[in-house]
Amino acid sequence: MKLWVIVALTLSLAGGSLGTANGQESGIPVGTAAPAVTVNDLDGKPVDLGQYIGKRPVFLEFWATWCEQCEALLPRLRAAQAAYGSEVEFFGVNVTVNQSRQRVRKYIETHQPGFRVLYDDQGTSIRAFQVPATSYVV
């Protein structure tokens, strides 16, 4: 998959256009190599993002069950996952602020977001990606 397709996918998920990209004002700088960190899943099992980053396209959303922007993004995220799921790894990293595993599981069952859920209760990926807020998409 070409880089421009990934950029277009990300922009379309965010509801943007393909105009000039000025970059983000916070988080890791645009163009920075993505950190290959290990984050637990909902069962507490480690998931090494290094298995995916640099080997195939990866979509990461840092989200929470209470995040209105995250919920607004869900229909586009599901559509992108349906269209590109065989070519792109989709992960949703729960930021765990006012979140419990039980609450996240209930949300996942109800909303079916279309990504593999990671539960960053150690803040490893949040620090590595310098996540400023939810919904933060990388």
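Residues numbered from 1 in each chain as written. Predicted model: local features only at pLDDT ≥ 70, side-chain atom pairs only at ≥ 80, totals over all residues. Heavy atoms only, no water.

Some words on the sheet that holds strand S3 (residues 58–63)
Taking strand neighbours across the sheet as the criterion, the four strands line up as S5-S4-S3-S6 in an open arrangement whose pairing is mixed. Each edge of the sheet is formed by a strand with only one pairing partner; in this case those strands are strand S5 (116–119) and strand S6 (136–137). Sheet topology note: the strand S4 (residues 89–94)/S5 ladder contains four bridges and is parallel. From the neighbouring strand, phenylalanine 91 faces S5, where its bridge partner is arginine 116. The strands that helix H2 (residues 68–84) touches are S3, S4 and S6; relative to S3, the one it contacts most, it runs at about 160 degrees. (Pairing = 2+ DSSP bridges. Helix = DSSP H or I, 4+ residues; strand = E, 2+ residues; numbered from the N terminus. Contact = heavy atoms within 4.5 Å. Axes fitted to C-alpha atoms, helices over the stretch in contact; angles between N-to-C directions.)

Overview of the pairing of S4
Of all six residues that make up S4, five are buried, and the element is covered over most of its length. Where S3 meets S4, six bridges bridge the pair, whose relative direction is parallel. By the bridge assignment for S4, glutamate 61 is matched with glycine 92. Between the parallel pair S4 and S5, the chain is carried across by helix H3 (residues 101–111), and the sense of this crossover is right-handed. (Buried < 20%, exposed > 50% of the residue type's maximum accessible area, 1.4 Å probe, protein only. Right-handed = clockwise from strand over helix to strand, strands pointing away.)

Points about the pattern of salt bridges
Counting across every chain of the model gives three salt bridges. With its nearest N and O atoms 3.1 Å apart, the salt bridge here joins glutamate 89 to arginine 56. Of the two residues, glutamate 89 is situated in strand S4 and arginine 56 in the loop between strand S2 (46–48) and S3; the sequence distance between them amounts to 33 residues. The partner of arginine 101 in a salt bridge is aspartate 121, and the shortest N-O contact between them spans 3.4 Å. (Salt bridge = Lys/Arg side-chain N within 4 Å of Asp/Glu carboxyl O.)

A closer look at the packing of aromatic side chains
Evaluation of the coordinates by the stated rule reveals six aromatic pairs. Look at phenylalanine 62 and tyrosine 136: their rings are 6.0 Å apart centre to centre, the planes differ by 40 degrees, and that puts the pair in the tilted class. Taken together, the positions of phenylalanine 62 in strand S3 and tyrosine 136 in strand S6 put the pair 74 residues apart, joining distant regions of the chain. Comparing phenylalanine 62 with tyrosine 136 shows no difference in burial state: the two are buried. Note on tryptophan 63 and tyrosine 107: the rings are 5.4 Å apart at their centroids and 35 degrees apart in plane angle, and the pair reads as tilted. Highlighted residues: tryptophan 63 in strand S3 and tyrosine 107 in helix H3, separated in sequence by 44 residues. This pair shows no difference in class: tryptophan 63 is buried, exactly as tyrosine 107 is. (Phe/Tyr/Trp six-rings, centres within 6.5 Å; stacked < 30°, edge-to-face > 60°.)

Purely geometric numbers; function is a separate question.
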